[in-house]
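Report on the structure
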Amino acid sequence: MKDCSPSVAPIVKGDRFNLNQCQKNEFEREQMKNIPYAYAIRSLMYAQVCTRPDIAFVVGMLGRYQSDLGLDHWRAAKKVMRYLPKTTCLCIDGWTTWK
């Protein structure tokens, strides 16, 4: 993720998340075991609460699939992570607000 291309938006019109994208067989479950999805969502939630309210909707949507995720959900989480460095100017800065 360090050298990835930035994303224009965390979610775009037409992105859908549903139960059909969840794991369907044992092979997919084994494949998804090594992906740190819950850790990524937890980190995005922390960023959302502290400084990035612009990602609240998509993080809430992705958080629904922590127990039964699919590869599409992981790709969407990575897309949100690619969006964050490009938009650092949108952060809430507590130091300038409280001065």
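See the structure above.
Residues numbered from 1 in each chain as written. Predicted model: local features only at pLDDT ≥ 70, side-chain atom pairs only at ≥ 80, totals over all residues. Heavy atoms only, no water.

Section: the pattern of salt bridges
This structure, assessed with the given rule, holds two salt bridges. Ionic pairing is found between Asp-54 and Arg-52, a salt bridge with its closest N-O pair at 3.0 Å. Look at Asp-54 and you get partly exposed, because its relative accessible area is 32%. Taking the shortest distance from any N to any O, the salt bridge between Asp-72 and Arg-75 comes out at 3.1 Å. One end of the pair is Asp-72 and the other is Arg-75, both in helix 4 (residues 71-86) and three residues apart, which spans about a single turn. (Salt bridge = Lys/Arg side-chain N within 4 Å of Asp/Glu carboxyl O. Buried < 20%, exposed > 50% of the residue type's maximum accessible area, 1.4 Å probe, protein only. Helix = DSSP H or I, 4+ residues; strand = E, 2+ residues; numbered from the N terminus.)

Remarks on the side chain of Arg-52
Note on placement: Arg-52 falls in the loop between helix 2 (37-50) and helix 3 (56-63). Arg-52 sits in the buried class, given a relative accessible area of 3%. In terms of polar contacts, Arg-52 uses its side chain to reach the side chain of Asp-54, at 3.0 Å. (Polar contact = N/O pair within 3.5 Å; in protein donor to acceptor, adjacent residues only side chain to side chain.)

Re helix 2
Given a rise of 1.5 Å per residue, 14 residues ought to cover 20 Å, and the 20 Å separating the end C-alpha atoms of helix 2 matches this to within 8%. The set of residues buried in helix 2 consists of Tyr-37, Ala-40, Ile-41, Leu-44 and Ala-47. When helix 2 is viewed along its axis, its buried side chains cluster within an angular range of 120 degrees and face the same direction. Helix 2 presents Tyr-39, Arg-42, Tyr-46 and Val-49 as exposed residues on the side facing more than 90 degrees away from its buried surface. (Expected span 1.5 Å × (residues − 1). Arc of directions from axis to C-beta.)

A word on the nonpolar core
Core analysis: the largest hydrophobic core is formed by 20 residues, its most contacted members being Tyr-37, Leu-44, Ile-55, Leu-62 and Trp-74. Where this core is concerned, the elements lending two or more residues are helix 2, helix 3 and helix 4. In terms of residue count, the dominant contributor to this core is helix 4 (six residues). In this structure, Leu-44 is in contact with Ile-55, Val-59, Ala-77, Val-80, Met-81 and Leu-84, ignoring residues within four places of it in sequence. (Core = buried A, V, L, I, M, F, W, Y, C linked by side-chain atoms within 4.5 Å. Contact = heavy atoms within 4.5 Å.)

What to know about the packing of helix 2 against helix 3
Where helix 2 contacts helix 3, the two axes come as close as 10 Å, and the packing angle between them is 150 degrees. As the angle between them shows, helix 2 and helix 3 are arranged roughly antiparallel. Of the two elements, helix 2 crosses helix 3, and the hand of that crossing is left-handed. Contacts from Tyr-37, Ile-41, Leu-44, Met-45 and Gln-48 in helix 2 reach Ala-56, Val-59, Leu-62 and Gly-63 in helix 3. The class makeup of the residues in the contact of helix 2 with helix 3 is seven nonpolar, two polar and no charged. (Axes fitted to C-alpha atoms, helices over the stretch in contact; angles between N-to-C directions. Parallel < 35°, antiparallel > 145°, perpendicular 65-115°, else oblique. Left-handed = near helix turned anticlockwise from the far one by under 90°. Nonpolar A, V, L, I, M, F, W, Y, C, P; charged D, E, K, R; others polar.)

Without other data, these values stay purely geometric and don't point to any function.
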